[in-house]
Amino acid sequence: HKVMLGPFSHMVDDGLDARKAAFECVDTLVANCIDALEPQACLAAIISGVADDYDIKMLSYLILVKFARSHAFTVLASIPPIVEPMEKTLKTKPKSSATKNEVEQNEDMIRGTLRAIDKLLKIDGAETCAPLQDFVRAVCESEAFKQKWDAVVAESKVMTLPFPRAPPPICL
């Protein structure tokens, strides 16, 4: 809903905290009980998060990468609806009146989006996924993002150590 603060109006998202909590639960399920999840339904929820608010979008990118490790085929088969909100995020420009924090947040979203794409390119079968490869060529390697894309790719080459994985808990 809209709140008036003097001459300014401010949008308040009353459901943001609930959605954050829900996506944190999805993250926990993907990390610990992925075999108990219905892949298509889980991916649909993750995709909705990729198109959401900043905090949820960033969390959804992390969840998407975790999910793709176990369900590469499901993710690669659904690339068009995944990259559509990513492209929208990459093309979002802060307003000319944006605060320093809003400009930094926009830059973080762009870097987060490019990192997620870079990680998706590393899953099995990504090299043969034409929609993903086309998206990378058209958007990530475009003049507008080439420098940021190259920085993300270079950063990912430096970070080659795998994260230790805890044994999965027993899911009932």
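Scroll up to find the structure.
Residues numbered from 1 in each chain as written. Predicted model: local features only at pLDDT ≥ 70, side-chain atom pairs only at ≥ 80, totals over all residues. Heavy atoms only, no water.

### So, the overall build of the protein
Thinking step 1. Of regular secondary structure, the protein possesses 8 helices and 2 strands.
Thinking step 2. The order of helices and strands in the protein, counted from the N terminus, is β-β-α-α-α-α-α-α-α-α.
Thinking step 3. Taken over the C-alpha trace, the protein has a radius of gyration of 17 Å; the compact-globule value for 172 residues is 16 Å, and the two agree within 12%.
Thinking step 4. Along the first, second and third principal axes, the C-alpha atoms of the protein reach 55 × 45 × 30 Å.
Thinking step 5. Counting across all 172 residues of the protein, residues that qualify as buried make up 35%. (Helix = DSSP H or I, 4+ residues; strand = E, 2+ residues; numbered from the N terminus. Rg over C-alpha atoms; globule rule 2.2 N^0.38 Å. Buried < 20%, exposed > 50% of the residue type's maximum accessible area, 1.4 Å probe, protein only.)

### Details of the pattern of salt bridges
Thinking step 1. Going through the model one piece at a time under the given rule, you end up with 10 salt bridges.
Thinking step 2. Among the ionic pairs, K148 bridges to E107, the shortest N-O distance being 2.9 Å. A residue pair is termed long-range when its members are at least 10 positions apart, and K148 in helix α8 (residues 146-158) and E107 in helix α6 (residues 100-120) qualify at 41 residues.
Thinking step 3. Residue classification places E107 among the partly exposed positions, given a relative accessible area of 25%.
Thinking step 4. With a shortest N-O distance of 2.7 Å, D134 and R137 are connected by a salt bridge. Of this pair, D134 and R137 both sit in helix α7 (residues 130-140), separated by 3 residues, roughly a single helical turn. (Salt bridge = Lys/Arg side-chain N within 4 Å of Asp/Glu carboxyl O.)

### Description of α8
Thinking step 1. Its 13 residues place the ends of α8 19 Å apart at the C-alpha level, agreeing with the 18 Å of an ideal helix rising 1.5 Å per residue.
Thinking step 2. Those residues of α8 that fall on the buried side of the exposure criterion are W149, V152 and S156. Taken down its axis, α8 places every buried residue within 60 degrees of arc, on the same side. Pointing more than 90 degrees away from the buried face of α8 are the exposed residues Q147, K157 and V158.
Thinking step 3. The inward-facing, buried residues of α8 abut α6 and α7. (Expected span 1.5 Å × (residues − 1). Arc of directions from axis to C-beta. Contact = heavy atoms within 4.5 Å.)

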